[in-house]
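# A structural walkthrough
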Amino acid sequence: MRVTQILGIDPAFPHPETIEIAATVLRDGKLVAFPTETVYGLGANARSEAAVRGIFEAKGRPSNNPLIVHVAQIADAIALTAQWPEMATKLATAFWPGPLTLVLPSNRSVSDMVTAGGTTVAIRMPAHPVARALLQATRLPIAAPSANRSGQLSPTRAEHVIRDLQGRIDLILDAGPTPEGIESTVVDLSSDRPRLLRPGSLVAGTIEAIIGPLERVGVEERPSELKSPGMLSQHYAPRTPLYLVSKEMRELTSNLPEKIGVVWIGRFDWPHDSRKIEVVELSEDPIDYARRLYDELHRLDQMNLKMILVLHPPEREEWLAIRDRLSRASHRDAGIEAKSQILLKNTDL
Ligand code: TXA
Ligand code: MG
């Protein structure tokens, strides 16, 4: 049990005194949740085995799932690697600070717990002013996974972190909602051909415009078949069962036995009993959609709904990361046809 201090901080102009408090907590080997432009991270000194172990304990994260190391500048990233290929310079120059994580050969200067004993290290330079100020103040490599219990939805607000991790970490910096709302894109540069390991906030096509095609083995396959150690099933999932549905599933929302959530793109104007449905209408623009998605799922997850139905996102490239997260969050054990039958006929699902 830890005592969790919570400090408010301005997202655009973080107060130096608050940053110094957080930097001291990190230097002491303790755990600080802080905002990044994507989601809140749970940070610890990446050079300290004990500090990093604290992250795994607080999250209940399996030790075979490596962490992303956050740095203040490109030189600090290079200092963690055994090789820094030309492509890394190109991508770091084009997209850092920003929501891109690069996997590179490690020189083992961070704790083995960070890399899960592997030969590579994942690195990113975040853009959020609070994250940048914190990294500049400590000048430490900061290991930080998303600040949620393992397997749960990533946090886009301090409230989400508090709900999951209060009493398990030392400090939370509350800077309000994170601007992008979906995790960074992970690109592996450790072998001959660059690979997209996790689609994310930075659209893959934008990266390909700089370095050419990314191998996409594993992306949008079933999680159990994915190669990246972190791509375990039941990632990013709310506690309420979530199902992806198509526009044709209108019969699903009539005759509802109990209240359900519906997450739609654009207007949800089907005939329905509004008392039985909590409707969330999200933007047709994937950037706006991503910004709100986790926040709305967190909110729906607090409402004791029977299930959450989410309209299947478009097939276009800009929706790839959203499709990836939603398919991981969804129940895929049976066809939705079967589910709709259950939903309509069985009240004690
Ligand atoms: O936007 C983000 O990336 C956020 C913020 C806090 O930076 N962090 C985040 O961390 O999403 P996490 O731990 O929730 O996800 C990191 C992903 C996992 O899928 C992990 O397996 C993968 O990156 N990863 C980390 N190190 C790796 C490595 N050396 N090789 C391959 N995959 C790695
Ligand atoms: Mg995570």
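Structure's up top.
Described below are features of the structure shown in this document. (Residues numbered from 1 in each chain as written. Chains lettered and ligands numbered in written order. Predicted model: local features only at pLDDT ≥ 70, side-chain atom pairs only at ≥ 80, totals over all residues. Heavy atoms only, no water.)

### Quick look at the packing of aromatic side chains
- Across all of its chains, the model carries 3 aromatic pairs by this definition.
- Seen in terms of ring centroids, Trp264 and Phe268 are 5.0 Å apart; in terms of plane orientation they differ by 75°. Their pairing is edge-to-face. Each member of the pair, Trp264 together with Phe268, is buried.
- Ring centres of Tyr289 and Trp319 lie 5.0 Å apart, and the angle between their planes is 70°; this geometry places the pair in the edge-to-face category. Taken together, the residues Tyr289 in helix α8 (residues 286–301) and Trp319 in the loop between β14 (308–311) and α9 (320–329) connect sequence positions 30 residues apart.
- The exposure class of Tyr289 is buried, given its relative accessible area of 0%.
- For Trp319, a relative accessible area of 1% corresponds to the buried category. (Phe/Tyr/Trp six-rings, centres within 6.5 Å; stacked < 30°, edge-to-face > 60°. Buried < 20%, exposed > 50% of the residue type's maximum accessible area, 1.4 Å probe, protein only. Helix = DSSP H or I, 4+ residues; strand = E, 2+ residues; numbered from the N terminus.)

### What about the packing of helix α4 (residues 86–95) against helix α7 (residues 204–211)?
- Running from amino to carboxyl end, α4 crosses α7 at an angle of 130°, the nearest separation of the two axes being 10 Å. Comparing the axis directions of α4 and α7 gives the class oblique. Seen from above, α4 lies across α7 with right-handed handedness. Along the contact surface, α4 presents Met87, Lys90, Leu91, Ala94 and Phe95, while α7 presents Thr206, Ile207, Ile210 and Ile211. (Axes fitted to C-alpha atoms, helices over the stretch in contact; angles between N-to-C directions. Parallel < 35°, antiparallel > 145°, perpendicular 65-115°, else oblique. Left-handed = near helix turned anticlockwise from the far one by under 90°. Contact = heavy atoms within 4.5 Å.)

### Topic: the pairing of strand β10 (residues 195–198)
- Across 3 bridges, the pairing between strand β9 (residues 185–188) and β10 is antiparallel. The partner of Val186 across the bridge, within β10, is Arg198.
- In this structure, the hairpin formed by β9 and β10 is closed by a connection of 6 residues. (Pairing = 2+ DSSP bridges.)

### Quick word on the environment of Ala72
- Mapped onto the secondary structure, Ala72 falls in the loop between β4 (68–70) and α3 (74–78).
- In this structure, the C-alpha to C-alpha distance between Ala72 and Leu134, residues 62 residues apart in sequence, is 8.6 Å.
- In this structure, Ala72 is in contact with Met125, Arg132, Leu135 and Gln136, ignoring residues within four places of it in sequence.

### Description of the pattern of salt bridges
- Within the structure shown, the criterion is met by 24 salt bridges.
- Note that Arg216 and Glu208 form a salt bridge whose closest N and O atoms lie 2.9 Å from each other.
- Taking relative accessible area as the criterion, Arg216 reaches 29% and is therefore assigned partly exposed.
- Residues Asp301 and Arg239 are paired through a salt bridge, measuring 3.9 Å at the closest nitrogen-oxygen approach. Here Asp301 is found in helix α8, whereas its partner Arg239 is found in the loop between α7 and β11 (242–245), with 62 residues between them in sequence.
- Owing to a relative accessible area of 14%, Asp301 belongs among the buried residues under this scheme.
- Of the residues examined, Arg239 reaches a relative accessible area of 58% and is grouped as exposed. (Salt bridge = Lys/Arg side-chain N within 4 Å of Asp/Glu carboxyl O.)

### A look at the environment of Ala137
- Looking at the element boundaries, Ala137 is found in helix α5 (residues 129–138).
- Residue classification places Ala137 among the partly exposed positions, given a relative accessible area of 26%.
- The spatial distance from the C-alpha of Ala137 to the C-alpha of Pro16 is 8.9 Å, given a sequence separation of 121 residues.

### Digging into the sheet that holds strand β5 (residues 100–105)
- The strand order β1-β8-β2-β3-β7-β4-β6-β5-β9-β10 describes an open sheet built from 10 strands, whose pairing is mixed. A strand with exactly one partner marks an edge of an open sheet, and here the two such strands are β1 (5–8) and β10.
- In the sheet, strand β2 (residues 32–35) pairs with strand β8 (residues 171–174) via 2 bridges, with the strands oriented parallel. Looking at the pairing, Val32 lines up with Leu171 of β8.

### A few points about the packing of α8 against α9
- One can describe the packing of α8 onto α9 by two numbers: an axis separation of 10 Å at closest approach and a directional angle of 20°. As the angle between them shows, α8 and α9 are arranged roughly parallel. Every pair of crossing elements has a handedness; the one defined by α8 and α9 is left-handed. For the pair α8 and α9, contact is made by Pro286, Tyr289, Ala290, Leu293, Tyr294 and Leu297 and by Ile322, Arg325 and Leu326, respectively.
- Of the residues in the contact of α8 with α9, the class split is 8 nonpolar, no polar and 1 charged. (Nonpolar A, V, L, I, M, F, W, Y, C, P; charged D, E, K, R; others polar.)

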